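Single-letter residue listing:
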Amino acid sequence: VTVTEAQPVSVRANRLGLARALRNLMINAATHGKRASVMVEGSGNDKARVLIEDEGPGIPPELLGQVFEPFFRVDPGRRQNIPGAGLGLTIAREIVQRAGGDIKISNRAGGGLRQAVELAQVEELAAVKSAAE
């Protein structure tokens, strides 16, 4: 997993929870993709976005709607040698939604998977003040 871009952004979220959510997504990309990249960016619409993209096989389109269901695995028969219970995406989404954000998962046009986390940006000064309280 490599970081390709990392713009400074501030969001209001539980720091440990958000770290766990992003770690789950990155482990997913590293486990199921050949290579993965991470990009953190702020957008003009007051959103912070973390994009995690891999070069794996992606997910069959008909199964994309199930990826956040607990214990879901794309191909449980072939993936028995990969550890985990199929809860990483479920946990990650719950954490991000509690922070007022969302995760969107889609197949990339050139192959692989894109995991996009969006959270509302806050002004850095307000974020620092809130953390101190």
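Residues numbered from 1 in each chain as written. Predicted model: local features only at pLDDT ≥ 70, side-chain atom pairs only at ≥ 80, totals over all residues. Heavy atoms only, no water.

## With respect to the nonpolar core
One recurring pattern in soluble globular proteins: nonpolar side chains tend to sit buried together. Rules: Joining through side-chain atoms within 4.5 Å is the link that ties buried Ala, Val, Leu, Ile, Met, Phe, Trp, Tyr and Cys residues into a set, and such a set is a nonpolar core. Three labels apply to residues, based on accessible area from a 1.4 Å probe with only protein chains included: buried if under 20% of the type maximum, exposed if over 50%, partly exposed otherwise in between. Working definition: helices are DSSP H or I runs of at least four residues, strands are E runs of at least two. Numbering for both runs from the N terminus. By the convention used here, residues are in contact when the closest approach between their heavy atoms is within 4.5 Å.
In terms of nonpolar packing, the biggest core is built from 24 residues, with Leu25, Val50, Val67, Val96, Ile103, Ile105 and Val117 touching the most fellow members. Of all the elements in the fold, those that place two or more residues in this core are α1 (15-32), β2 (36-42), β3 (47-54), α2 (88-98), β4 (102-107) and β5 (113-120). The element that contributes the greatest number of residues to this core is α1, accounting for five residues. Beyond its immediate chain neighbours, meaning those up to four positions away, Ile105 contacts Leu64, Val67, Phe68, Leu89, Leu113, Arg114 and Gln115.

## Quick notes on the pattern of salt bridges
To keep things clear, this is the line we draw: Salt-bridge detection follows one rule: a side-chain nitrogen of Lys or Arg within 4 Å of a carboxyl oxygen of Asp or Glu.
On inspection of all chains with the given rule, the structure shows six salt bridges. With a closest N to O distance of 4.0 Å, Arg108 and Glu53 form a salt bridge. With Arg108 in the loop between β4 and β5 and Glu53 in strand β3, this residue pair connects regions lying 55 residues apart in the sequence. What you see here is one network of salt bridges that share partners, running through Glu53, Arg108 and Arg114.

## Section: α2
Note the threshold: By definition, the arc is the one covered by directions from the helix axis to the C-beta atoms.
Within α2 the residues assigned to the buried category are Leu89, Ala92, Ile95 and Val96. Along the axis of α2, the buried positions cluster into a sector of 130°, meaning they face one direction only. Where the residues of α2 are buried, they touch α1, β4 and β5. Downstream of α2 by a residue or two, Gly100 has a phi angle that is positive, lying close to 85°.

## Here's the deal with unusual backbone geometry
Its identity is not glycine, yet Phe71 carries a phi of approximately 70°, on the positive side. Tracing the chain through its elements places Phe71 in the loop between β3 and α2.

## Looking at the sheet that holds β3
As a reminder of what qualifies: DSSP bridges decide pairing: two strands pair if at least two such bridges lie between them. Under this scheme, a helix contributes an axis fitted over its contacting stretch, all axes are lines through C-alpha atoms, and angles between N-to-C directions fall in the 0 to 180 degree range.
The sheet built from five strands is open, its strands ordered β1-β2-β3-β5-β4 with mixed pairing. Edge positions in the sheet fall to β1 (2-6) and β4, since each of these pairs with one other strand and no more. Within the sheet, the average angular offset between the axes of one strand and its neighbour, ignoring direction, is 15°. Taken together, the four bridges between β1 and β2 define a ladder with parallel strand orientation. Residue pairing in the sheet places Thr2 in a bridge with Ser37 of β2. Most of the contacts of α2 go to β4, to which it runs at about 135°, and overall it touches β4 and β5.

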